[in-house]
Amino acid sequence: MENFVMLFQGFGTALTPVNIGACLLGAVLGLVVGAMPGIGSLAGVALLLPLTYKFNPATAIIMLGALYYSNMYGGAFSAILLNIPGDSPAVVTTLDGYPMATKRKRPGQALMTANTASFIGGIIGMIILTFMGPGLANLGLKFGPSEMTALLLIAMTSISWLVGENPIKGLVITAFGILLASMGMDTLSGAPRYEFGNMYLLGGIPFTPFVIGAVGFAQVINLINERDSDNEKRAKNAKNDTKLSIRGSMLTGHDLKRLIPPALRSGFLGTFVGVLPGAGATTGSFMGYAIQKKFKSEEELGTGAIEGVAASEAANNAAAAGAFAPLLALGIPGSGTGAVLLGGLMMWGLSPGPLLFENEPEFCWGLIASLFMANLFTLVVAVCVIPFLIKILSVPVKYMIPIITVVCVVGAYSTSNSMYGVIVMFISGVVGYLLNKNNFPSAPMLLSFVLAPILEDNMRKAFIISGGSLGIFFQRPITCVLMLIFLGIVGFSMLRPMLMKKKAEK
Amino acid sequence: MKKIGSKQLIPLATALVGIVFAVIGFTQLGFWDKEPKPGFFPSIIAIVLVIASIAAFFQTLKEEEHPKYNKNEVTVILGGLALIVGTFLVGLIPMVFFYVLFWLKVIEKGTPWRDIIIIELIVAVIVLGVFAGWLQVQFPWGMFEMIG
C-alpha cells in the first residue's frame, strides 16, 4: 500500500508539462530509433544522452526511460514489415510477425498485436516493479552462475530444437552459431581466440550486422522470387487488400482472446527474466516464445500466429521494465542499455543502490510513474502511425529490393562505423540464404549467437566455483529444478521422433 | 551412388568448421588446467557440431527434394557485392544512390523516372536525414576522403 501511495506521488512529479513533453519526445524518438535496423536501444540511448543535458535530473531520466522503453516497441515495426529486426529483442518477433504481415496479409493486425502485447507486458512489468521492485532485485541476486547456466540451457534447447521439424539440423545450426559467437576475445581471460590472425576478428563478429544480414539481406535475396508474381498481380490490377486505416488494423474479439493469454504469461515471465543480471530483453523474448511453444496456439508458431508475436513482444517489454528493479534498487544494470542509464543517473549525482528509494523517493517514483506514462504514450503514437507504416507493404517488391538492401548496408555500417560491419552483414546474408534454401533453420543460429557468451561465462564461473564438479548444477534447489527441466526437454526432443513413429504405425 | 548437392555440402562444411575449432581449442587455447580454459566451451560445442553434422549429412542423403537456384538470386548477391566494392572507391553515400539508380534502370527495366526520383528521395531521407544527419553516422567517402 505504501508503494501505491508513493507511486501516486511519483505521478505528481512526472505529470508536469515539461516532464510530459520530455516523456512524449522520448517515446517518439525511441520509436523511430527502435525501428531503424542496426541502431538498437543501446546506441539509441547513448546517442540521445546529450539531448537530456539541458534538463534537470528527473526530466532527463524520464526522457531516457521513455526512449529506452519505446525502443522495444519500435524494434517490432521493421521486424514485422521488412523481416529486419530493429533490435536484438525483436529477432523472435520476425518468426511470426513477418509471415502474419505477408503470408496471412494482416500487417495492421500484426503491428496492433505487437503494440497491444507490448503494452500488456509493459504494464505487468511496471506493476510488479512498483510493488516488488526491491524484493525482485534481491531474488535476481540469488541467481548465481549455476542458475543462469541452467536457465540459458533451457532457453537455447527450447527454441533451437523445437523451432524446426528437424532436431538434428537445429542442433547443427545452434552449435554453429555458438562457435561463431566464440570468435574474438575470451571474455574471462581476455585471451584472443579463433581470430585467425585477423585484426577485425579480434573484436568478434558484431551481432547487429550479423542479424541484419542473416535475416534482412537473406530475405532480400528470397524476395526477388516474389517479384514476378507481384508484377503479375499488379498488372491484373488486383486490389491490394492491405487496409490503410487504424480501423482496418483493429484486432477482432477472437484475436484478442488469442493474444491475451500469451501476453499475460510472457508479461510475468519477461519481468522475472529482466530482473536477472545480464539476461535482458533478448533472453526475455526468446524465453517467452519458448514457453509459448509448450502451449496450444490456434495456428502453428512460425507461420504467422498471433500467439507468437504476442509472446515475444510482451516478454521483451516486460523484461525492459523488470530491468529497472536491479538498476534502481541495487545499482546493477541488467544490460548494456541499463549501464548507459546507470551512467546517466550517476552523471546527475544520483547513486543507485538500496538507499536510492529512501534518499531520492521523488526521483525513483517519478521515474516509475513516467514509465507508465511512456507505455501509454508509446501505445497511442504506435497505433496512430500504423496506417503510414503498412503503406510500406503496398510498395512493389521490385522497389523494395534496392531500398531494403540500402537499409541493410547503412544499418550494418552505423553499428560499427566500419565496412567490417557491412562485410559481416553480406556474408551472414548469403549464409542465411543458403541455410533457408536447404531447409536448415537460421533462427537457432541467431539465438545461440546472442546467448552463447552469457552461457559460456556463467558455465565457466560455475565450474571455477565448484572446482570442476558437475554437482554444482544439482546441489542448489533453483539450479536443480532448472536442470531437471532442461534434461526433460532434451530427453523429450530425442524421444519425440520415436514416439511419433510409433504413433504413426498405430 | 547418390549425387552430392548443396544440402549435403552444408553439413560437410559445418563438420569441417567443427574439426578446425576443436583442434585449435584443444591444442592452442587449452581445455582444462585446474579450471576451464578459453578452449573448454568451444571445444565441447565443436565436438557436438561434428557429430550432429555427420548425422545431418546422412539424413540429407535420404531427402528427395533438391533446392533450385536461379540467376535472379545471384543478381541480388552480386548487386550487394558491387555496392560494397563501390563503397571502397567512391564512398558509401554516392554508391548507395548510384546502386538504386542502376538497379531500377538497368536490372528492373522500364522503371519510370518519376518512381526512381521518389525512391531516391526516400533513400535520401533514410541515409542523409536519419543516419548521417540526426544520428551523426560518419560514412566513408572512398577516394574522395583524400581530396578532403
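In what follows, the structure referred to is the one given above.
Residues numbered from 1 in each chain as written. Chains lettered and ligands numbered in written order. Predicted model: local features only at pLDDT ≥ 70, side-chain atom pairs only at ≥ 80, totals over all residues. Heavy atoms only, no water.

S.K.: Please provide a residue-by-residue account of the overall build of chain B, values included.
M.R.: Along the backbone of chain B there are six helices and zero strands. Along chain B, helices (α) and strands (β) appear in the sequence α-α-α-α-α-α when read from the amino end. Taking 15 Å as the expected radius of gyration for a compact globule of 148 residues, we find that chain B reaches 24 Å, considerably beyond that expectation. Within the span of chain B, comprising 148 residues, buried residues form 43% of the whole. In chain B, the proportion of contacts linking residues at least 24 apart, taken out of those at least 6 apart, comes to 57%. In the structure as shown, chain B presents an accessible area of about 8,200 Å², 73% of it carried by carbon and sulfur atoms. Mean positive and mean negative side-chain charge positions of chain B (11 and 10 charges, respectively) differ by 7 Å. (Helix = DSSP H or I, 4+ residues; strand = E, 2+ residues; numbered from the N terminus. Rg over C-alpha atoms; globule rule 2.2 N^0.38 Å. Buried < 20%, exposed > 50% of the residue type's maximum accessible area, 1.4 Å probe, protein only. Contact = heavy atoms within 4.5 Å. Areas by Shrake-Rupley, 256 points an atom, 1.4 Å probe, with all protein chains shown as cover. Lys, Arg positive; Asp, Glu negative; His and termini not counted. Charge placed at Lys NZ, Arg CZ, Asp CG, Glu CD.)

S.K.: Outline the pattern of salt bridges, supporting the account with residue identities and numerical values.
M.R.: Under the counting rule described, the total for this entry stands at 14 salt bridges over all chains. Put simply, D255(A) and R106(A) hold a salt bridge, and the shortest N to O gap is 2.5 Å. Remark: R106(A) occurs in the loop between α5 (91–102) and α6 (107–141) and D255(A) occurs in helix α10 (residues 253–275); sequence separation between them is 149 residues. Overall, the relative accessible area of 22% leaves R106(A) in the partly exposed class. A salt bridge links E63(B) to K7(B); the nearest nitrogen and oxygen atoms lie 2.8 Å apart. Highlighted residues: E63(B) in the loop between α2 (40–62) and α3 (71–90) and K7(B) in helix α1 (residues 6–29), separated in sequence by 56 residues. For the residue pair E63(B) and K7(B), the accessibility class agrees, reading buried in each case. (Salt bridge = Lys/Arg side-chain N within 4 Å of Asp/Glu carboxyl O.)

S.K.: Mind laying out the interface of chain A and chain B, listing which residues take part and the relevant values?
M.R.: Taken together, the contacts link 67 residues of chain A with 69 residues of chain B. Of the roughly 5,800 Å² buried at the junction of chain A and chain B (both faces included), carbon and sulfur atoms supply 80%. Of all residues in chain A, L179(A), Y194(A) and Y399(A) bury the most surface against chain B, accounting for 12% of the area lost on that side. On inspection of chain A and its partner chain B, the count reaches two salt bridges. Two residues, K169(A) and E63(B), come together in a salt bridge whose shortest N-O distance is 3.1 Å. No other element matches helix α18 (residues 397–416) of chain A, which puts 13 residues into the side of chain A that touches chain B. Of the residues assigned to the side of chain A that touches chain B, the class counts are 47 nonpolar, eleven polar and nine charged. (Buried area = accessible area lost by both parts, 1.4 Å probe. Nonpolar A, V, L, I, M, F, W, Y, C, P; charged D, E, K, R; others polar.)

Keep in mind these numbers describe shape, not what the thing actually does.
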